[in-house]
Amino acid sequence: FYLGMYCAISVVSVMVAVTRLFNLYSGAVRASRRIFHDMLHSVFHAPLRWFDTVPTGRILNRFTGDFTLLDSQLPQMFYYFAATLWELVGILVAAIFISRFMVLVAIILLASCAFIARSYIAAARNIRRIESNSKSPVISHFAASLTGLSTIRAFSKTEEFTRRMYNLIDTYAACTWYACYMGSWLHLHVGLVAALFPVTVAAFVIN
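Residues numbered from 1 in each chain as written. Predicted model: local features only at pLDDT ≥ 70, side-chain atom pairs only at ≥ 80, totals over all residues. Heavy atoms only, no water.

*Asks:* Residue-level account of the pattern of salt bridges, with values.
*Replies:* Inspection of every chain in the model, using the stated rule, returns two salt bridges. The partner of Glu 131 in a salt bridge is Arg 128, and the shortest N-O contact between them spans 3.0 Å. Highlighted residues: Glu 131 and Arg 128, both in helix 4 (residues 102–147), separated by three residues, approximately one helical turn. For Glu 160, the salt bridge identified is with Lys 157, shortest N-O distance 3.6 Å. Under the relative-accessibility criterion, Glu 160 is labelled partly exposed at 42%. (Salt bridge = Lys/Arg side-chain N within 4 Å of Asp/Glu carboxyl O. Helix = DSSP H or I, 4+ residues; strand = E, 2+ residues; numbered from the N terminus. Buried < 20%, exposed > 50% of the residue type's maximum accessible area, 1.4 Å probe, protein only.)

Now the structure itself:
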């Protein structure tokens, strides 16, 4: 009987997980297609003067790097967010059965995490914007170098264009590293705050 109940629960869990993944990624694909179609329509119907003021690398960056985040990382973030949310609800329900006082502790810890997340978002938004803007000149410089390769060689400007490319790559890499450091900072502080919750639960269990 117990083995059958365990198998039934396992089958239901697998079906729920597969259904959740299918709905999440199918929705992400539909959203990505719609955004890509609208963006492509806007670019094709943009006035010619707009192409003179906007660098080509920035346009290509929107169709490459931004859609890479939309297609790959964003669905995973939503999936992990939903899984973590359900896990958090289960932990809170179990903690409430131990002591009603855990609700107050949970509210305090969640408020602390919200404050940390707010500070992170304020800084990470600017870093991501700078990172995206620093990637566009790399693409533009590379495309311009390929287009005028014969002219660059004719005037012996190869080293100058190479040095310019390295400087642009270094700037983009620095922004990427700062974004990774911000993520590590968030994980560290949220992990420290989250570690206080099981410590508090263990203290109530012992007492």
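Back to the text.
*Asks:* I'd love a proper account of the layout of surface pockets, names of residues and values included.
*Replies:* The space that makes up the largest pocket amounts to roughly 1900 Å³. Around the largest pocket, the lining is made up of 42 residues, and of these Met 77, Phe 81, Tyr 120, Leu 186 and His 187 lie nearest the centre. Going through the elements one at a time, helix 3 (56–98), helix 4 and helix 6 (158–206) are the ones with two or more residues in the lining of the largest pocket. If one sorts the elements of the lining of the largest pocket by residue count, helix 3 sits on top with 18 residues. Split into classes, the residues belonging to the lining of the largest pocket amount to 28 nonpolar, eight polar and six charged. One number sums up the size of the second largest pocket: a volume of about 210 Å³. Per element, the largest residue contribution to the lining of the second largest pocket is five residues, and it comes from helix 6. A breakdown of the residues in the lining of the second largest pocket according to their chemical character gives seven nonpolar, four polar and one charged. (1 Å grid on protein atoms, 1.4 Å probe; cavity = no way out; pocket = protein on both sides within 12 Å on 5 of 7 lines; lining within 4 Å. Points joined across faces, edges and corners; volume = space filled by probe spheres on them. Nonpolar A, V, L, I, M, F, W, Y, C, P; charged D, E, K, R; others polar.)

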